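Chains, contacts and geometry: an overview
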Amino acid sequence: MSIYSRVILHATSILCSHKGSLELSQLYRKVYQRFDIDDEHFLYILRRCSRFAMVRTKLGPEKGETGCTVVAKTSLCLCKNYAKENCFGCQDLHLCKYFVYGNCRYGKGRKECKFSHDIQSEHNFPILRDCTLHELHEEDLFLLLLQNDPALLPEVCSHYNKGSGMFGACTFKENCTKVHLCQHFVQDNCIFGTKCKRLHHVDEYSRRMLEERGLGSDLIDDLPYLYQNVYRLNAIAAESGAISEPASRSLELAEEKNEICLHFIRRNCRFQDQCKLVHFNLPYKWEVNEGDGWRDLRGMEEIERAFCDPKNAFGPGSKPVDFQTMTRSRYPVRRLSTVSSITKPSHYVLTTQWLWYYKGDHDNWIEYGKPDDKDRVTSVKSADLEEMFLKDSKVEVEVKKGNRKYYLSFEDMYQRNPKHNTKRKVRRRPYFISISEVENQVAQ
């Protein structure tokens, strides 16, 4: 098996073990742990292989409005005629549907199921081999089938998402044979998050219906994420006209960000003027828009130095940058940067190392994972928070320090004590690197 085939198999397995999809940089990091492959070759594999679809998804505000998520896909499905016992020699899998659901009652009892539970059977193995899926673990294969075979999962109820009340406009209510889920959650654009009145998980009524249809408990728990992936794949199919050709857009999605090119800083960007990343000689760039487009701010190094210190809410000078509103006077300001350091292997230099701080008892700022004035340390470090933030900037993270428990909200940047209902400010700031340090690292 070639190196590319092994990378494809491993990447597919990673995606399936993460509910069918993963943010591009996270997938690359996990693949890189086993294979010494650079990001350009990895993108080439994703671009050329029909196993992967690249879709536009939300990222944190510091990373731009959208990012790129990789979804596992296949054209393989279960044979519809196999259950009717009138199929011979087709190119679809002959498997028990309830076996794929993880809940075939015959497979668990003494009575043998009359439909195959053998993915290595004489009929199935050659089909899996032709699709290069013969070495994929059984549970990974089943998840791949579930989010790609339209006949396997029940629909999301459209009437539930209309009207008001517990069941929306669904007249079947608790007896509905479709799943009650927030349509905007499925489409990855629900603005209400945890405060949404529509369900972002499978409730007891839908769970009962799904269990009666033979779906296993673990699969039911993962269904909301599978529906998201199904929607993503369908959206690509509708947009491109064919689900098997997402490659032309994949690299664009990965590069359509206000991100500074690491290769240019090191003087070795082979794309030159055609590069879709920003070419600048520093890993940060401060710009202001006073109505005539974005232009560089003067004193960029000093602005960056001030910004990196969490105690500063404003930059230096007579017309300081407001770091909270990202404005100068009444004009918008933006900070461009290289990718977050956690998205690249450790040998990559001049990535941006983001540090997370909370406000202490004496107006001081303490980095997460570092001891406070009483030698107490939080249960999470900056790198942990950065990874969680890039994965989902709307979640609340549980933080422990000593015997106390807190909740950190990425949305409002506060750490809350639920027992006393008190809050502390939280700030995310980069580690400062001077111009001379950049030059030294480039020269090495």
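Residues numbered from 1 in each chain as written. Predicted model: local features only at pLDDT ≥ 70, side-chain atom pairs only at ≥ 80, totals over all residues. Heavy atoms only, no water.

Quick look at the overall build of the protein chain
What counts, and what does not: Numbered from the N terminus, helices here are DSSP runs of H or I no shorter than four residues, and strands are runs of E no shorter than two. Summary of the burial criterion: residues with accessible area below 20% of their type's maximum are buried, those above 50% are exposed, and those between are partly exposed, where the area comes from a 1.4 Å probe applied to protein chains only. Working convention for charge: Lys and Arg count positive, Asp and Glu count negative, and His plus the chain ends are omitted. By convention, the charge on Lys lies at NZ, on Arg at CZ, on Asp at CG and on Glu at CD.
Regarding its fold elements, the protein chain presents 15 helices and 14 strands. Counting only C-alpha atoms, the protein chain reaches 80 × 55 × 45 Å along its principal axes. When burial is assessed residue by residue, the protein chain has 47% of its 444 residues classed as buried. Side-chain charges in the protein chain split into 67 positive and 60 negative, and the spacing between the mean points of these groups amounts to 4 Å.

Topic: empty space enclosed by the protein
What counts, and what does not: Any residue with an atom within 4 Å of a point lines the site, the site being either a cavity, points on a 1 Å grid over the protein atoms alone where a 1.4 Å probe fits but cannot get out, or a pocket, an open set with protein on both sides within 12 Å along at least 5 of 7 lines. Grid points are joined across faces, edges and corners, and a volume is the space filled by probe spheres set on the points. Here the term charged refers only to Asp, Glu, Lys and Arg, the term nonpolar to Ala, Val, Leu, Ile, Met, Phe, Trp, Tyr, Cys and Pro, and the term polar to all other amino acids, Gly among them.
Within this structure, the stated rule accounts for 1 cavity of 30 Å³ or more. By volume, the largest cavity is sized at about 60 Å³. Taken together, Tyr358, Gly360, Asp361, Asn364, Ile366, Asp372, Asp373, Arg376, Lys401 and Arg424 form the lining of the largest cavity. By residue class, the composition of the lining of the largest cavity is 2 nonpolar, 2 polar and 6 charged.

A short note on the packing of helix 2 (residues 24-32) against helix 3 (residues 39-48)
Packed helices, taken two at a time, are described by their axes: the angle between them and the distance between them. Keep this limit in mind: Axes here refer to lines fitted to C-alpha atoms; in helices the fit is confined to the stretch in contact. Angles between the N-to-C directions go from 0 to 180 degrees. Small angles under 35 degrees read as roughly parallel and large ones over 145 as roughly antiparallel, with 65 to 115 read as roughly perpendicular and the rest as oblique. Crossing handedness follows the turn of the near helix against the far one: under a right angle anticlockwise gives a left-handed crossing, and clockwise gives a right-handed one. Contact between two residues is taken to exist if any of their heavy atoms lie within 4.5 Å; hydrogens are not considered.
The N-to-C vectors of helix 2 and helix 3 enclose an angle of 110°; their axes lie 11 Å apart at closest approach. It follows from the interaxial angle that helix 2 and helix 3 lie roughly perpendicular. Classified by chirality, the crossing of helix 3 by helix 2 is right-handed. Every residue of helix 3 that contacts helix 2 at Leu24, Leu27, Tyr28 and Val31 is listed here: Asp39, Phe42, Leu43 and Leu46. Its residues assigned to classes, the contact of helix 2 with helix 3 shows 7 nonpolar, no polar and 1 charged.

Brief notes about unusual backbone geometry
Most peptide bonds are trans, and most residues other than glycine sit at a negative phi. In this structure, Asp188 takes a positive phi of about 65° despite not being glycine. Assignment of secondary structure puts Asp188 in the loop between helix 8 (183-186) and helix 9 (204-212). A residue is classified by how much of its surface remains accessible, and Asp188, at 28% relative accessible area, is partly exposed.

A closer look at the environment of Glu23
For Glu23, the position within the fold is in strand 1 (residues 21-23). Exposure remark for Glu23: the relative accessible area of 14% places this residue in the buried category. C-alpha of Glu23 to C-alpha of Asp92: the two residues are 69 residues apart in sequence and 30 Å apart in space.

Quick look at the pattern of salt bridges
Pairing between side chains becomes possible if they bear opposite charge and their charged atoms approach one another. Cut-off, in case you're wondering: Only one rule defines a salt bridge in this text: a Lys or Arg side-chain nitrogen within 4 Å of an Asp or Glu carboxyl oxygen.
With the rule as written, the count across this model stands at 24 salt bridges. A salt bridge links Glu287 to Lys285, with the shortest nitrogen-to-oxygen separation between them at 2.5 Å. As far as the burial class goes, Glu287 and Lys285 line up, both buried. Note that Lys359 is salt-bridged to Asp363, the shortest N-O span being 3.6 Å. The exposure class assigned to Lys359 is partly exposed, which follows from its relative accessible area of 25%. On the accessibility criterion, Asp363 (58% relative accessible area) is exposed. One network of salt bridges, with partners in common, ties together Lys285, Glu287, Asp296 and Arg334.

Points about helix 3
So the rule is basically this: Directions drawn from the helix axis to the C-beta atoms are what define this arc. Polar contact is defined as a pair of N or O atoms within 3.5 Å, subject to the rule that within protein one atom must be able to donate a hydrogen and the other to accept it, and that residues adjacent in sequence are counted only when both atoms are side-chain atoms.
Turning to helix 3, its buried residues are Asp39, Phe42, Leu43, Ile45 and Leu46. One face of helix 3 carries all of its buried residues, which in axial projection span an arc of 155°. Measuring from the backbone nitrogen of Glu40 back to the side-chain oxygen at the start of helix 3 gives 3.2 Å, which picks out Asp38 as the cap.

Concerning the packing of aromatic side chains
Under the convention used in this document: Two rings from Phe, Tyr or Trp (for Trp, the six-membered ring) form a pair when their centres sit within 6.5 Å of each other. Planes less than 30 degrees apart are called stacked, planes more than 60 degrees apart edge-to-face, and all others tilted.
Per the counting criterion, the structure on display carries 13 aromatic pairs. Ring centres 5.5 Å apart and planes at 65° place the aromatic pair Tyr82 and Phe115 in the edge-to-face group. Here Phe115 lies in the loop between helix 5 (105-108) and helix 6 (124-130) and Tyr82 lies in the loop between strand 3 (66-72) and helix 4 (97-101), a separation of 33 residues in the sequence. Looking at Tyr82, the relative accessible area reads 16%, which means it is buried.

Things to note about the confidence of the model for the protein chain
We apply this condition: Each residue carries a pLDDT value, the predictor's own confidence for that position, ranging from 0 to 100.
Overall, the prediction assigns the protein chain a mean pLDDT of 87, with 92% of residues at 70 or greater. The weakest mean pLDDT in the protein chain belongs to helix 11 (residues 247-255) at 35; the strongest belongs to strand 9 (residues 354-359) at 97. Ignoring residues within four places in sequence, the model shows residues 60-64, a span with pLDDT below 50, making 12 contacts including any to other chains. For residues 241-256, every residue scores under 50 in pLDDT, and the model assigns this stretch 33 contacts once sequence neighbours within four places are set aside.

Remarks on the environment of Leu76
The topology assignment puts Leu76 in the loop between strand 3 and helix 4. The exposure class assigned to Leu76 is buried, which follows from its relative accessible area of 4%.

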